[in-house]
Amino acid sequence: MHSTHRSHVRQITAACCGLVLFAGACGSDGADAVPAETAAQTVDEMEPDMDMDMDMDPEMAMNMGDPDATPADDVDDAALARGTFVLLDTRPQGYDDAAGSAVIARSPAGTTVTVELNGLPPNVDYIAHVHAEPCAPDNGGPHYQFDVGGSTVPPNEIHLAFTSDDDGVGFMTAENDAIAGVDAQALVVHPAEFLDNKVACVDFVEDRAGAAAGMIDDEPM
Ligand SMILES: [Cu+2]
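Along every chain, residues carry numbers that run from 1 in the direction the sequence is written. Under the rules for a predicted model, residues below a pLDDT of 70 receive no local features and side-chain atom pairs below 80 are neither given nor counted, while totals for whole chains, interfaces and linings still include all residues.

1. Looking at the overall build of the chain
Part 1 of the argument: Comment: elements are numbered from the N terminus, with helices defined as DSSP H or I runs of at least four residues and strands as E runs of at least two. Along the backbone of the chain there are 5 helices and 10 strands.
Part 2 of the argument: Any residue with 12 or fewer other C-beta atoms within 10 Å of its own C-beta is exposed, any with 20 or more is buried, and the rest are partly exposed; the C-beta atoms used are placed from the backbone. For the chain, buried positions account for 30% of its 221 residues.
Part 3 of the argument: Long-range contacts, defined here as pairs at least 24 residues apart, represent 72% of the contacts in the chain between residues at least 6 apart. Contacts are defined on C-beta atoms placed from the backbone: any two residues whose C-beta positions lie within 7 Å are in contact.

Spelled out as structure tokens, the structure:
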């Protein structure tokens, strides 16, 4: 089931690399005095740089999610909490059929969050965040932060960036090295272009009550 979703979802990282490659190719073509053979060589020489960029990028890409990461409900030795999306009044038009679920796994390896949605408008970019309050009454309240008052981007917050596919399906998993506290209570999905138009919210409910607190207590300091 997950793999089906994965294959549908556009990989933002791949799209970015494509853009970089395209820009590089344009640069080479622009130098029209360069013989074809040399131009080809130039492209070959670019590849090590590209690989280097890709080696440097994964941490950043990982922070916003990786569709191929182990989904939260498959994480070993995890305390799991999950829920289904409730539509929010702040949603734009066209979202009445949006539905899905989100799972958060706290394990000795840290935190994994997986989101699955269907019924979305196709080919739209989304951002989901873990929020620090329940869905009601304040649509999840502020973003969950490991260090409250600290950085507003990952890894201090948990963000998932994804794009709905042609069928309106969205899927993403994000990992974090730290174990999220009990205040990581909800997940909210926003259109990337209109962050205030919160679409839907999940209240995380533990599979086994108290398991998350136990995992947090056991985290080595
Ligand atoms: Cu949010």
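2. Quick word on the environment of Ala72
Part 1 of the argument: Along the chain, the position of Ala72 falls in the loop between helix H4 (58–63) and strand E1 (79–84).
Part 2 of the argument: Sequence spacing of Ala72 and Thr112 is 40 residues, and the spatial spacing of their C-alpha atoms is 5.2 Å.

3. Quick word on unusual backbone geometry
Part 1 of the argument: Going from Ala136 to Pro137, the amide bond is cis rather than trans, its omega being 5°.
Part 2 of the argument: In this structure, Pro155 follows Pro154 across a cis peptide bond, with omega equal to 10°.
Part 3 of the argument: Take Pro155: it is sitting in the loop between strand E5 (125–131) and strand E6 (159–163).
Part 4 of the argument: Phi angles above zero are rare outside glycine, and Asp77 is one such case at about 55°.
Part 5 of the argument: With respect to the secondary-structure elements, Asp77 resides in the loop between H4 and E1.

4. Description of the confidence of the model for the chain
Part 1 of the argument: Per-residue confidence from the predictor is given as pLDDT, running between 0 and 100. Of all residues in the chain, 71% attain a pLDDT of 70 or more, and the chain-wide mean is 81.
Part 2 of the argument: pLDDT under 50 marks residues 1–58. Its contacts with residues more than four places away, or in other chains, come to 32 contacts.

5. A closer look at the sheet that holds E1
Part 1 of the argument: Strand order in the open sheet formed by 5 strands is E7-E4-E3-E1-E10, with antiparallel pairing between adjacent strands. Edge positions in the sheet fall to strand E7 (170–176) and strand E10 (205–206), since each has one partner strand and no second.
Part 2 of the argument: Strand pairing is assigned whenever DSSP detects at least two bridges linking the two strands. Note that E1 and strand E3 (residues 99–107) share 6 bridges and pair antiparallel. Within the sheet, the bridge partner assigned to Leu80 lies in E3 and is Ala105.

6. So, the nonpolar core
Part 1 of the argument: Nonpolar core, as used here: buried Ala, Val, Leu, Ile, Met, Phe, Trp, Tyr and Cys residues forming one set through C-beta atoms within 7 Å. Ile104, Val113, Val115, Leu187 and Cys201 are the most contacted members of the largest nonpolar core, which has 40 residues in total.
Part 2 of the argument: Only E1, E3, strand E4 (110–118), E5, E6, E7, strand E8 (186–191) and strand E9 (200–203) provide two or more residues apiece to this core.
Part 3 of the argument: With sequence-adjacent residues up to four places away left out, Leu187 is seen in contact with Ala102, Val113, Val115, Ala128, Val130, His131, Cys201 and Val202.

7. A word on the pairing of E8
Part 1 of the argument: For E8, the tally of buried residues reaches 5 of 6 residues, placing the bulk of the element in the interior.
Part 2 of the argument: Sheet analysis places E5 next to E8, joined by 6 bridges and oriented antiparallel. Residue pairing in the sheet places His129 in a bridge with Val188 of E8.
Part 3 of the argument: Relative to E9, E8 is paired through 4 bridges, and the arrangement is antiparallel. Counterpart to Val189 in the pairing with E9 is Ala200.

8. As for the environment of Ala186
Part 1 of the argument: With respect to the helices and strands, the residue Ala186 is situated in strand E8.
Part 2 of the argument: On the basis of neighbour counts, which here come to 26 C-beta atoms within 10 Å, the residue Ala186 falls in the buried class.
Part 3 of the argument: In the structure, Ala186 is positioned 16 residues away from Val202 in sequence and 5.4 Å away in space, judged by C-alpha atoms.
Part 4 of the argument: When sequence neighbours within four positions are dropped, the list of residues in contact with Ala186 reads His131, Glu133, Pro134, Cys135, Gly140, Cys201, Val202, Asp203 and Phe204.

9. With respect to the sheet that holds E6
Part 1 of the argument: Sheet architecture is open: 5 strands sit in the order E2-E9-E8-E5-E6, paired in antiparallel fashion. Each of the sheet's edge strands pairs with one partner strand only, and the pair in question is strand E2 (86–87) and E6.
Part 2 of the argument: As paired elements, E5 and E6 share 5 bridges and run antiparallel to each other. What sits directly across from Ile127, in E6, is Ala161.

10. Overview of the environment of Gly119
Part 1 of the argument: Along the chain, the position of Gly119 falls in the loop between E4 and E5.
Part 2 of the argument: You can call Gly119 partly exposed: it has 19 C-beta atoms within 10 Å.
Part 3 of the argument: Sequence separation between Gly119 and Gly168 is 49 residues; the distance between their C-alpha atoms is 5.3 Å.
Part 4 of the argument: Residues within four places of Gly119 in sequence aside, it is in contact with Asp97, Ala98, Ala99 and Gly168.

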